[in-house]
Amino acid sequence: MLTWINEKAKWVIVIFAAGIVVGLLAMDRVPKTAQSYPVGVVNDRKISYAEFDSRIKRVVQSQFQGQHLEDEQYTQLRSDIFRSFVRQIVMNEQFEKAGLATSVAELKSEFRRNPDAVRGRLVQEAQARLYAIQQQATSQEDLMQRSQAYIASLPKFLVDTTFNKAEYDAWIETPEAFRWNMMLNYEEELKADVIPSRQLQALVGASVHPTSLEAKWSVDRRLTDYDIEVAYASSADFSVADDAIDDAMVKGYFNAHQDSFFVEQDMAKFQYVVLPVEATAGDDARIREYAMTLYYQLSDTSSTANFEDMARISSEDPGSAENGGVLEQPAGKGVFVAEFEKAALALDSGAISEPVKTQFGYHIIKSYGKETDSTGAVTAKVGHILLVVNASSETVDSLEAILNGIRTDVDAGKAFDVAAKERNLDVKESEWITRNGNIASLGYLKGLASFAWPNENLAEEYGKASPVLKNNKWVFVGTKSGDVKAGDREISLFYDSIKKNLAAKKAAGAAAAYLASVAEKVKAYVPANPDDSAAVAAAAIEKVSIESKNASVEGFIPGFGYANPNLAKVLNGQKAGEWGPVIETDQGAVMIKINAKKAPEEDAVASAVKDEIASTARFAAMTVFNDFVGNIEKGTPVENNLDLFYKD
């Protein structure tokens, strides 16, 4: 059977490809769900399946250009495109409320400012037109004549080696410019989104007016240098035992700061059982048998089988299969694993090896000749057919059957952990995950989100246990053990971080108490080399480092880190020539002594103030605009029906 398949491989591939095409055409048909529900609803504006699916196809075609996308990539793509619809709808509503419109002058200005974007689109359309001419040509002569005539009709700036901006600007003013489909599409994109967004940003950011006093304060703070000494006791030297922070302390902190612990997204966690998808000895034997069948066929002098054609059809090494199995690197240089190199170097030119087992699978190797260099080292030009040993469908089916038994028992009323233990399987607990998240140790599992958050428009489809889900590494069944909704407060989500923060605060308090106890020693300490203010002095006080530093408030200071806002308060209130009090920080405890303060030059301040005003205005306006749009999106009622169409 395997021999027949390989001899008829080309016809098998044609028939298989035809089946795929028919399948894809069937998949492209609008699902029945689309007749009853939209993909989404945003402020009563419905997103139809047709427009959603059309945008997905355009993105896949333009960005991925025929690449194979995994299920997880498609899931992420659909989520991103759904968010793009939501933003587009809410933005269009804002454009309409503000009465924003794009003028001809703005469009032409945009075209002039972005010649590369325009040229890129024109080149795409020209290439498509040339391809159409090639398909329609009746002869080589007809092709040359029509292609040359079309190229001659193109704008000069598009075909000249050197881009002429003046010619481009003149072309923009002509009617011919807008006879290109790409130009009309780009114009629509600018009118519908790009320019109105810029106008809205200008309106929202118009209230942002940084003053010269604010700018000068910021510049003075940033440019003023301090020559200081820092005594630092690190929290790391005062670590807190695990039992020093108990449940009561964590709960007390949570209850006192509940507004800090809102859940921002719907989340769930799971009890689950997984079985690894691994090839069995039987799977290995089947692949070896198949590899031997290929070997015998290639070794049979009466067979028409060709090694290179067989590699293109059968090899599972994507890096060499298209090249007839020929490898770019020669064997003998240590590039390949030892078993492969040993077998490859043992072959005479033109010889083909029996299947060779390595960690990657079974290799059938062909030698294209050996070479010996001046040092006597031998290398061989080789090709190979790789057959990977994967778990067979029978193996995966047997794993699924075990987990389906758990599912059946749970749906019949048995506890999940009991059903698992009866099969000697360990039950694991996941971390909290969001709708778009994965269980970290398992990766993407198609269908997990649909089980955890079923669409309210669907009839009850799942029982207490999930369907058996799988990826290329695991077979999974689970049950939801926790569920929180956006806006809830849930201590278990934040328990570990609260405990960690309380322990860090306790350690910092211990560091501060210790530094206070040795404060007099710190004040009496004299650096080993007082003339070198930049040198790091080795402190003679246990668990305390004393360093000389020269920095602004935005520089690095031990115990504070970089640009710590609390540092500015300390330095502004600190008397020169004296050690200040012990200050508790996130990293431990610090004492500071200011030796000297150097103010910046007036000219440098004046120049920096101008830059500060301009950059602050731009940054603040953009921040205000992003907050504005983000808050609108968060406050917009959105109905997401993706799971009615796609089981993610």
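The text that follows walks through the structure, step by step, so that each part is easy to find. Nothing here was measured: the structure is a model prediction, and the numbers come from that model.

## Considering the packing of helix α3 (residues 49-64) against helix α4 (residues 71-98)
Packing of α3 against α4 brings their axes to within 10 Å, and their N-to-C directions diverge by 120°. On the basis of the axis angle, α3 is oblique to α4. Here α3 runs over α4; the crossing is right-handed. Within the contact between the two elements, α3 uses Glu 51, Phe 52, Arg 55, Ile 56, Val 59, Val 60 and Phe 64 and α4 uses Tyr 74, Leu 77, Arg 78, Ile 81, Phe 82, Ser 84, Phe 85 and Gln 88. For the contact of α3 with α4, a count of residues per class yields ten nonpolar, two polar and three charged.

## Observations concerning the sheet that holds strand β2 (residues 45-47)
Remark on secondary structure: sheet strands pair via backbone hydrogen bonds, oriented parallel or antiparallel. Strand order across the open sheet formed by three strands is β2-β1-β17, with antiparallel pairing between neighbours. Here the strands that pair on one side only, and so sit at the sheet edges, are β2 and β17 (638-640). Across the sheet, the mean angle from the axis of one strand to that of its neighbour is 15°, orientation sign disregarded. Direction of pairing for strand β1 (residues 40-42) relative to β17: antiparallel, over a ladder of three bridges. Bridge pairing in β17 links Val 42 to Val 638.

## Overview of the pattern of salt bridges
Counting across every chain of the model gives 28 salt bridges. Note that Arg 45 and Glu 51 form a salt bridge whose closest N and O atoms lie 3.2 Å from each other. Its salt-bridge partner being Glu 554, residue Arg 221 comes within 3.9 Å of it at the nearest N-O pair. With Arg 221 in helix α11 (residues 212-223) and Glu 554 in the loop between β12 (545-551) and β13 (556-557), the pair connects residues that are 333 residues apart, well separated along the chain. Since its relative accessible area comes to 33%, Glu 554 is described here as partly exposed. Among the charged side chains, a network of salt bridges with common partners joins Lys 108, Arg 112 and Glu 173.

## Section: the sheet that holds strand β16 (residues 588-598)
Across the sheet, which stays open at both edges, the four strands sit in the order β12-β3-β16-β15 with antiparallel pairing between neighbours. The open sheet has two edge strands with one neighbour each: β12 and β15 (583-585). Direction aside, the axes of adjacent strands within the sheet are offset by 35° on average. In the packing of helix α19 (residues 491-517) onto the sheet, contacts are made with β3 (225-234), β15 and β16, and the angle to β16 comes to roughly 60°.

Parameters and conventions
Residues numbered from 1 in each chain as written. Predicted model: local features only at pLDDT ≥ 70, side-chain atom pairs only at ≥ 80, totals over all residues. Heavy atoms only, no water. Axes fitted to C-alpha atoms, helices over the stretch in contact; angles between N-to-C directions. Helix = DSSP H or I, 4+ residues; strand = E, 2+ residues; numbered from the N terminus. Parallel < 35°, antiparallel > 145°, perpendicular 65-115°, else oblique. Left-handed = near helix turned anticlockwise from the far one by under 90°. Contact = heavy atoms within 4.5 Å. Nonpolar A, V, L, I, M, F, W, Y, C, P; charged D, E, K, R; others polar. Pairing = 2+ DSSP bridges. Salt bridge = Lys/Arg side-chain N within 4 Å of Asp/Glu carboxyl O. Buried < 20%, exposed > 50% of the residue type's maximum accessible area, 1.4 Å probe, protein only.

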